[in-house]
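Each chain, letter by letter, is given below.
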Amino acid sequence: MITSEEPQREMSAIIIAFLLTLSTPTVVLGILSRPTNVNLTSYNMNLVLSWNPSKGAANNLVYRTEYKTSVVTNYTTGCVNISTLECDFTRLSHPSHPSITENGKYTGRVRAQLGSESSAWVESNHITLDKDTIIGSPNVSLVSNGAAIEVSIIDPVMVISTLRNVYIFATYKITYWKDSQKHKAKHISNIIQNRVVLNDLDPWTKYCVQVQIKTERNPNPSKPSRIFCESTTNEQEPPWVAAILTFVFMAIAAALVVIVVVYRKSISHFLCPTDSLPQHFKEYLLAPPNSNIYLVMQNSHPPEEIYHKVRIIEDDRTVEERGPLVVEMTASNKQSDVTMCGRHKGETISRGDFKATEKQ
């Protein structure tokens, strides 16, 4: 006989089992719950696997990742025992890891681990690197040149190879507009050069520029660059002026180079002469002087000057008594002391002597 208490017991057991299942969602029969939202992406030619933990997962879970290409069946070990929720396969450097190529097709997978327990593997989507990678924005710089603006473009840096090696026929799309008039923007497409001059601009006007990269293999264009703005100035000089100045400068430089090359020996001899004086000139110039006069002059002292003092004493006689010759001599000899050669030292002469001489 079945009593009414048995259905109640069975219902209680079911409820308890259900509550136990909700309280431990990460472990069912010894198996961890799998990660969710597993996705393989690429930005500038890298290869990154990302995922989310399962709902209610333990905080001390770790993860193991692997990847493979479409040409092989076996997976290659990626990141091991990591607690983060992504793994960049392009940053792995180990001889056992095959190099990731630009046009390879890849798949990744991940599983959760807790001690000796592991979840099931969860595979990601498939991507072909050069077709599915997201190309970053280029770097742009503007230089105003009169009523024109020069746009310089630098390609984004790729993790693997370079943009031009991966996409040989990559082109630029330049969009420019007057400030605050983006709805009237103009476009220039299929540009290969990384330096472009915008000529159809108004002087003294501010323009804004934005650049994107387009490729033949990747259906999506790159992320657009930042918007850069620059103002034009007045009309620039005619281009022939700069061309003539450049030509003159190059002609002068070329002429100087030719002169140096043709006359290099003469210039070298002029700057560093190799000629020297004859040997007998050197001996003559370096030999000590042997002239007797030179030796005497070199070894002699200045001669002592010999002189005698002569004193002139005025005569007391009158003009009439002296005569006309004595008067004339008296007028021209008013000096009190003179030095005369040929007299004895201390000898005295009077004006009367001149008179006596006259009379004789």
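Fair warning: this is a prediction, and the values are worked out from it, not measured in the lab. (Residues numbered from 1 in each chain as written. Predicted model: local features only at pLDDT ≥ 70, side-chain atom pairs only at ≥ 80, totals over all residues. Heavy atoms only, no water.)

Caption draft 1: Just the confidence of the model for the protein, in detail. With 68% of its residues at a pLDDT of 70 or more, the protein has an overall mean of 79. The low-confidence segment residues 17–30, where pLDDT is below 50, has 13 contacts with residues more than four positions distant or belonging to other chains. Considering only residues more than four positions removed or in separate chains, one finds that residues 334–360, a stretch of pLDDT under 50, has 45 contacts. (pLDDT = per-residue confidence, 0-100. Contact = heavy atoms within 4.5 Å.)

Caption draft 2: Region of interest: the sheet that holds strand β16 (residues 206–214). Taken together, 4 strands build an open sheet; the order of strands is β14-β13-β16-β17 and the sheet is antiparallel. The strands lining the two open edges of the sheet, one partner per strand, are β14 (186–191) and β17 (228–231). Geometrically, the sheet is characterised by an average inter-axis angle of 25° between neighbouring strands, direction not taken into account. (Pairing = 2+ DSSP bridges. Helix = DSSP H or I, 4+ residues; strand = E, 2+ residues; numbered from the N terminus. Axes fitted to C-alpha atoms, helices over the stretch in contact; angles between N-to-C directions.)

Caption draft 3: Region of interest: the sheet that holds strand β12 (residues 148–154). In spatial order, the strands read β11-β12-β15; together these 3 strands make up an open sheet with antiparallel pairing. Where the open sheet ends on each side, the last strands, each with one partner, are β11 (139–145) and β15 (195–198). Ignoring which end each strand starts from, the neighbouring axes of this sheet average 20° apart. Note: β12 against β15, 4 bridges, orientation antiparallel. From the neighbouring strand, Glu-150 faces β15, where its bridge partner is Val-197.

Caption draft 4: Main features of unusual backbone geometry. Of note in this structure, Asn-190 is not a glycine but carries a positive phi near 60°. Along the chain, Asn-190 falls in strand β14.

Caption draft 5: Structural view of the packing of aromatic side chains. Using the criterion set out here, one finds 2 aromatic pairs in the structure. An angle of 40° between the planes, with centres 4.6 Å apart, marks the rings of Tyr-67 and Phe-89 as tilted. Taken as a pair, Tyr-67 in strand β5 (residues 62–69) and Phe-89 in the loop between β7 (86–88) and β8 (105–114) lie far apart in primary sequence, 22 residues in all. Comparing Tyr-67 with Phe-89 shows no difference in burial state: the two are buried. (Phe/Tyr/Trp six-rings, centres within 6.5 Å; stacked < 30°, edge-to-face > 60°. Buried < 20%, exposed > 50% of the residue type's maximum accessible area, 1.4 Å probe, protein only.)

Caption draft 6: Inspection of the state of the cysteines at higher detail. Across all of its chains, the model carries 2 disulfides by this definition. Here Cys-208 connects covalently by a disulfide to Cys-229, the sulfurs 2.0 Å from one another. On the sign convention where negative is left-handed, the bridge of Cys-208 and Cys-229, at about 100° about the S-S bond, is right-handed. Residue Cys-208 is located in strand β16, and its partner Cys-229 is located in strand β17; the two are separated by 21 residues in the primary sequence. (Disulfide = S-S within 2.5 Å.)

Caption draft 7: Quick look at the nonpolar core. If you look at the biggest cluster of nonpolar residues, it comprises 45 residues, and the most contacted ones within it are Val-151 and Ile-174. A per-element tally of this core places β16 first, with 4 residues. Not counting residues up to four positions away in its chain, the partners in contact with Val-151 are Val-140, Ser-141, Leu-142, Ile-174, Asn-194, Arg-195, Val-196, Leu-198, Val-209 and Val-211. (Core = buried A, V, L, I, M, F, W, Y, C linked by side-chain atoms within 4.5 Å.)

Caption draft 8: Inspection of the pattern of salt bridges at higher detail. For the structure on display, the rule yields 8 salt bridges. With a closest N to O distance of 3.7 Å, Lys-186 and Asp-200 form a salt bridge. With a gap of 14 residues between them, Lys-186 in strand β14 and Asp-200 in the loop between β15 and β16 connect regions that are remote in the sequence. Ionic contacts of the salt-bridge type, sharing partners, join the residues Arg-64, Glu-66 and Arg-109 into one network. (Salt bridge = Lys/Arg side-chain N within 4 Å of Asp/Glu carboxyl O.)

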